[in-house]
Amino acid sequence: MCGRRFGKTALGIRCACDTAIAGKLVGWFSPTHKYALEVWRELLNRLAPIIANKSEQDKRIELVTGGVIEIWTFDTDDPARGRKYHRVIVDEAGLVPELERVWQSAIRLTLVDYQGDALFLGTPKGRQHGFVVLFAKGQSGNADWMSFRTSTLDNPYIPISEIEEARKDMPAAIFAQEIEGIPADDGGNPFGQTAIAECTKSKMPDADDPDHMPVVWGWDLARAQDWTVGIALDMAGNVVRVERWQLLPWSETVKKIRQCTGDTPAWGDATGVGDPIIERLQEFGVPIEGFTFGSKSKQALMERLASVIQHKEITFPMGVIAAELETFTYQYTATGVRYTAPSGLHDDAVMALGLAVYGYDRVRPMMQALPMRPRLTGDPNRVEDYYGENGGHVEGFDAQLPSQW
């Protein structure tokens, strides 16, 4: 059980080659065809001088020593039926659905002829996964099992500085799992109840105060019975505006978003019905960029939001934001992490806050680079500093963004 980029697949390939070179039979199991293909290419490259026969279709390599390597995926419930091996290697074991069941019903029986062994390699994905169940056997004194845990930091080819940078950006539980190989809870709150409480204020700052003017908006658009929610952050990361409504015609929604956002940079949900709304807003000159929610993009958005909350980099008022954050849940699946509100509850404010943080990460460097200029307030004895001539609003911000944004 290892952190990511430790070298677990490289270890598995080495073990497979050594076993086959010794004239024995190896079964390699990958979660999907994509993972298997990378291993297949590496095995062909390494073993090229001693390959007697190979089958691209069957993903089978026969060596001049008599050794054989066959590659399988978990696309079926019963892989490798009828085969027998001296060694089985299960790569990315933390990603295999129902690993314990497939091991017991299919893979385990491929080892009985030769009293072979199995090697499970992977990064954990939650505490209830079969990988964790099998790992526990080696921690319990079972003479037939041995288990080991090691961190990404134990790989001498990975710069420690990069890992330390990741530590700053990742929630503690995710860092422990992905880097240190320590399983996280399968379900629960990704932000942490204590961290949410520490970021919650009795009321939000006054957005009309020059020190708390909005510098970015995040907009989550309603679907069915959901809410359209807009959240604005100031330069210090405080929530200073919250707009929320339900069951309005799209034309009214566009009008209200235009009025609220003005010329402040914004990011909005462009998934499904949101795409034409974002395009319409852009036609009206609203400086808004679309963000498309997918399994991976939503996971990245939520993990970044969890990070800023746990590091106390933002504040938000009591009410709908704090309430949705407190009830938000996550669960590890074979394809990644699923973030959602419990059945019957809403997560629109969480999504809007995530989009606001996403935009804040992109707008803040530009705001900090702008020169400070004096502004007269009407009081001849008082001069305020502010960013730019629009009091914190960036004109033509999209032209200033790098192309990849």
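This text follows the structure it describes.
Residues numbered from 1 in each chain as written. Predicted model: local features only at pLDDT ≥ 70, side-chain atom pairs only at ≥ 80, totals over all residues. Heavy atoms only, no water.

**A look at the nonpolar core**
Part 1: Residues F191, M302, L305, I309, F316, L325 and L353 are the most contacted members of the largest nonpolar core, which totals 41 residues.
Part 2: Those elements that provide at least two residues to this core are α7 (193-199), β10 (228-233), α10 (295-310), α11 (320-327), β16 (336-340) and α12 (348-369).
Part 3: No other element matches α12, which puts twelve residues into this core.
Part 4: Not counting the four nearest positions on each side in its chain, L325 is found in contact with N189, F191, I196, L305, I309, F316, V350 and L353.
Part 5: Of all hydrophobic cores here, the second largest spans 23 residues; its members include M1, F29, A106 and F135. (Core = buried A, V, L, I, M, F, W, Y, C linked by side-chain atoms within 4.5 Å. Buried < 20%, exposed > 50% of the residue type's maximum accessible area, 1.4 Å probe, protein only. Helix = DSSP H or I, 4+ residues; strand = E, 2+ residues; numbered from the N terminus. Contact = heavy atoms within 4.5 Å.)

**Thoughts on the pattern of salt bridges**
Part 1: Within this structure, the stated rule accounts for 17 salt bridges.
Part 2: Of the charged contacts in the structure, one is a salt bridge between E164 and R167, with a shortest N-O distance of 3.1 Å. Of the two residues, E164 and R167 both sit in helix α5 (residues 160-169), three residues apart, roughly one turn of that helix.
Part 3: By relative accessible area, R167 is classed as partly exposed at 34%. (Salt bridge = Lys/Arg side-chain N within 4 Å of Asp/Glu carboxyl O.)

**Looking at helix α4 (residues 130-139)**
Part 1: Among all positions of α4, only G130, F131, V132, L134 and F135 are buried.
Part 2: Where α4 ends, the next residue or the one after it, G141, has phi of about 90 degrees, a positive value.

**Section: the packing of aromatic side chains**
Part 1: Inspection of every chain in the model, using the stated rule, returns eleven aromatic pairs.
Part 2: Centroid distance W103 to W145: 6.0 Å. Interplanar angle 80 degrees. Geometry classified as edge-to-face. You can see W103 sitting in helix α3 (residues 99-107) and its partner W145 sitting in the loop between α4 and α5, a full 42 residues away along the chain. Taken as a pair, W103 and W145 share a single burial class, namely buried.
Part 3: Considering the side-chain rings of W219 and W245, the 5.7 Å spacing of their centres and the 50 degrees angle between planes classify their relative orientation as tilted. Of this pair, W219 sits in strand β9 (residues 216-220) while W245 sits in strand β11 (residues 239-245), placing them 26 residues apart in sequence. By the burial criterion, W219 is buried, and W245 matches it.
Part 4: Of the aromatic side chains, those joined through ring pairs into one cluster are W267, F291, F293 and Y358.
Part 5: R362 extends its terminal NZ or CZ atom over the ring of Y358, reaching a point 3.5 Å from the ring centre. (Phe/Tyr/Trp six-rings, centres within 6.5 Å; stacked < 30°, edge-to-face > 60°. Lys NZ or Arg CZ within 6 Å of the ring centre and 35° of its normal.)

**Observations concerning the sheet that holds strand β5 (residues 87-90)**
Part 1: Pairing is mixed in the open sheet, where six strands are placed in the order β2-β3-β4-β1-β5-β6. The strands lining the two open edges of the sheet, one partner per strand, are β2 (51-55) and β6 (117-120). Strand-to-strand twist across the sheet, computed as the mean angle between neighbouring axes with direction ignored, equals 15 degrees.
Part 2: Sheet topology note: the β5/β6 ladder contains four bridges and is parallel. Across the sheet, residue V90 finds its bridge partner in β6, namely F120. (Pairing = 2+ DSSP bridges. Axes fitted to C-alpha atoms, helices over the stretch in contact; angles between N-to-C directions.)

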